[in-house]
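What follows is each chain in one-letter form.
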Amino acid sequence: GENVEQHPSTLSVQEGDSAVIKCTYSDSASNYFPWYKQELGKRPQLIIDIRSNVGEKKDQRIAVTLNKTAKHFSLHITETQPEDSAVYFCAASIWYQLIWGAGTKLIIKP
Amino acid sequence: NAGVTQTPKFQVLKTGQSMTLQCAQDMNHNSMYWYRQDPGMGLRLIYYSASEGTTDKGEVPNGYNVSRLNKREFSLRLESAAPSQTSVYFCASSEGGGRASYEQYFGPGTRLTVT
């Protein structure tokens, strides 16, 4: 079945540096790739998404890139701030479901 | 506009007890989902409803049943709770007419402990 692998599981960066989280998916029929942020004890919330007909999308300090040929997509956060500390999940759509990655815990060091 | 609401927020059950988790959305969304999230883990799909009147199993349906009561409401029932069902349960909804190609909006979660 469809599988989404997410790396790394934990990422620690200095405040102000960039962070990159990578995901790979297995089903070429996937056409929607969202990224969610989950703060401790809170619900997951969408931060950015991309569709398969687009290669890159940017929203202020956050960007997502998609390589359909290689079946991987990445989240880029620039100029990281303390409020970026959270767990980030990638997902890939397949029919009526989203298949989720295992999550990346992002730690921002002061 | 409350978005997705869930009740209760917290619940403690004894092994073998039953309960129903309630979920409602006021965004006129077609699709609704139930997930569980174990501590430090990702989201696992229990059941989903692509549209009013339909329900389907997700990755981990055993021990659960669901009802799509109407377009707004989607409930999750544990018939005989087990300690392995201790988890945080999230309901989500999406405008998509079935296909998962739209943002999913999550409720605040229900923290369930089974002793």
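Report on the accompanying structure. Since the structure is predicted, the reported quantities are computational estimates derived from the model, not experimental observations.

## Some words on the nonpolar core
- Judged by nonpolar contacts, the single largest core of 25 residues is most densely connected at Trp35(A), Phe73(A), Leu75(A) and Leu106(A).
- Residue assignment for this core shows that the elements contributing at least two residues are strand 2 (10-14), strand 3 (19-25), strand 4 (32-38), strand 5 (45-51), strand 7 (62-67), strand 8 (72-77), strand 9 (86-94) and strand 11 (104-109) of chain A.
- At five residues, strand 9 of chain A tops the list of elements feeding residues into this core.
- Counting 20 residues, the second largest nonpolar core, distinct from the first, contains Met19(B), Tyr47(B), Val60(B) and Val114(B).

## Thoughts on the sheet that holds strand 6 (residues 56-59) of chain A
All names here are of chain A.
- Pairing in this open sheet of five strands is antiparallel, and the strands run 1-3-8-7-6 from one edge to the other. In this open sheet, the two strands that pair with only one neighbour each are strand 1 (4-7) and strand 6. Averaged over all neighbouring strand pairs, the angle between strand axes comes to 15°, with direction disregarded.
- With six bridges joining them, strand 7 and strand 8 adopt antiparallel strand pairing. Counterpart to Ala63 in the pairing with strand 8 is His76.

## Some words on unusual backbone geometry
- Across the junction of His7(A) and Pro8(A), the peptide omega takes the value -5°, indicating a cis bond.
- Mapping Pro8(A) onto the fold places it in the loop between strand 1 and strand 2.

## A closer look at the packing of aromatic side chains
- Taken as a whole and assessed by the stated rule, the structure comprises 14 aromatic pairs over all chains.
- Relative to Trp100(A), the ring of Tyr36(A) has its centre 5.1 Å away and its plane inclined at 55°; by these criteria the two rings are tilted. Remark: Trp100(A) occurs in strand 10 (residues 97-100) and Tyr36(A) occurs in strand 4; sequence separation between them is 64 residues.
- Taken together, the ring pairs connect Tyr36(A), Phe89(A), Trp100(A), Tyr33(B), Tyr35(B), Tyr48(B), Phe90(B) and Phe106(B) into an aromatic cluster.
- The cationic tip of Arg51(A) hangs over the ring face of Tyr102(B); the distance from NZ or CZ to the ring centre is 5.6 Å.

## Some remarks on the environment of Trp34(B)
- With respect to the helices, strands and loops of the structure, Trp34(B) is situated in strand 4 (residues 31-37).
- Trp34(B) sits 15 residues away from Ser49(B) along the chain, and the two C-alpha atoms are 8.9 Å apart.

## Section: the side chain of Arg68(B)
All names here are of chain B.
- Its location among the elements puts Arg68 in strand 7 (residues 64-68).
- Of the side chains bearing the opposite charge, Glu52 lies closest to the buried Arg68, which forms no salt bridge; the N-O distance is 6.2 Å.
- At a separation of 3.0 Å, a polar atom in the side chain of Arg68 contacts the main-chain carbonyl oxygen of Asn30.
- Polar contacts involving the side chain of Arg68 include one to the main-chain carbonyl oxygen of Asn70, which spans 3.1 Å.
- Residues contacting Arg68, with those up to four places away along its chain left out, are Gln25, His29, Asn30, Ser31, Met32, Ser49, Ser51, Glu52, Gly53, Thr55, Glu73 and Phe74.

## With respect to the pairing of strand 3 of chain A
Residues and elements named next belong to chain A.
- Of the two faces of strand 3, only the one carrying Ala19, Ile21, Cys23 and Tyr25 is buried; Val20, Lys22 and Thr24 on the other face are not.
- Judged from the four bridges that link them, strand 1 and strand 3 form a sheet pairing that is antiparallel. By the bridge assignment, His7 is partnered in strand 3 with Lys22.
- The pairing of strand 3 with strand 8 spans six bridges and is classified as antiparallel. Looking at strand 8, one finds that Cys23 is bridged to Phe73.

Rules and cut-offs
Counting from 1, residues in each chain are numbered in the order their sequence is written. Chain letters start at A and ligand numbers start at 1, both assigned in the order the entries are written. It should be noted that, the model being predicted, local features are given only for residues of pLDDT at least 70 and side-chain atom pairs only at 80 or more, the latter also being counted only at that level, while totals for whole chains, interfaces and linings use all residues. The side-chain figures draw on all heavy atoms in the structure; neither hydrogens nor water molecules are used. In this description, a nonpolar core means a group of buried Ala, Val, Leu, Ile, Met, Phe, Trp, Tyr and Cys residues linked to one another through side-chain atoms lying within 4.5 Å. Relative accessibility thresholds used throughout: buried, under 20% of the residue-type maximum; exposed, over 50%; partly exposed, between the two (1.4 Å probe, protein chains only). A helix here means a DSSP run of H or I that spans at least four residues, while a strand means a run of E at least two residues long, and both kinds are numbered starting from the N terminus. When DSSP finds two or more bridges between a pair of strands, those strands are recorded as paired. The angle between two axes is taken between their N-to-C directions and runs from 0 to 180 degrees, where each axis is a line fitted to C-alpha atoms and a helix contributes only its stretch in contact. Centres within 6.5 Å make a pair out of two Phe, Tyr or Trp rings, where for Trp the six-membered ring is used; the pair is then stacked when the planes are under 30 degrees apart, edge-to-face when over 60, and tilted otherwise. Only when the NZ atom of a Lys or the CZ atom of an Arg is both within 6 Å of the ring centre and within 35 degrees of the ring normal do we say a charge sits over the ring. The positive count covers Lys and Arg only, the negative count covers Asp and Glu only, and His and the chain ends enter neither. Basic side-chain nitrogens of Lys or Arg form a salt bridge, by our definition, when they fall within 4 Å of a carboxyl oxygen of Asp or Glu. Here a polar contact is taken to be a pair of N or O atoms separated by no more than 3.5 Å, where protein atoms must pair a possible hydrogen donor with a possible acceptor and residues adjacent in sequence count only if both atoms sit in side chains. Any two residues having at least one pair of non-hydrogen atoms within 4.5 Å are treated as being in contact.

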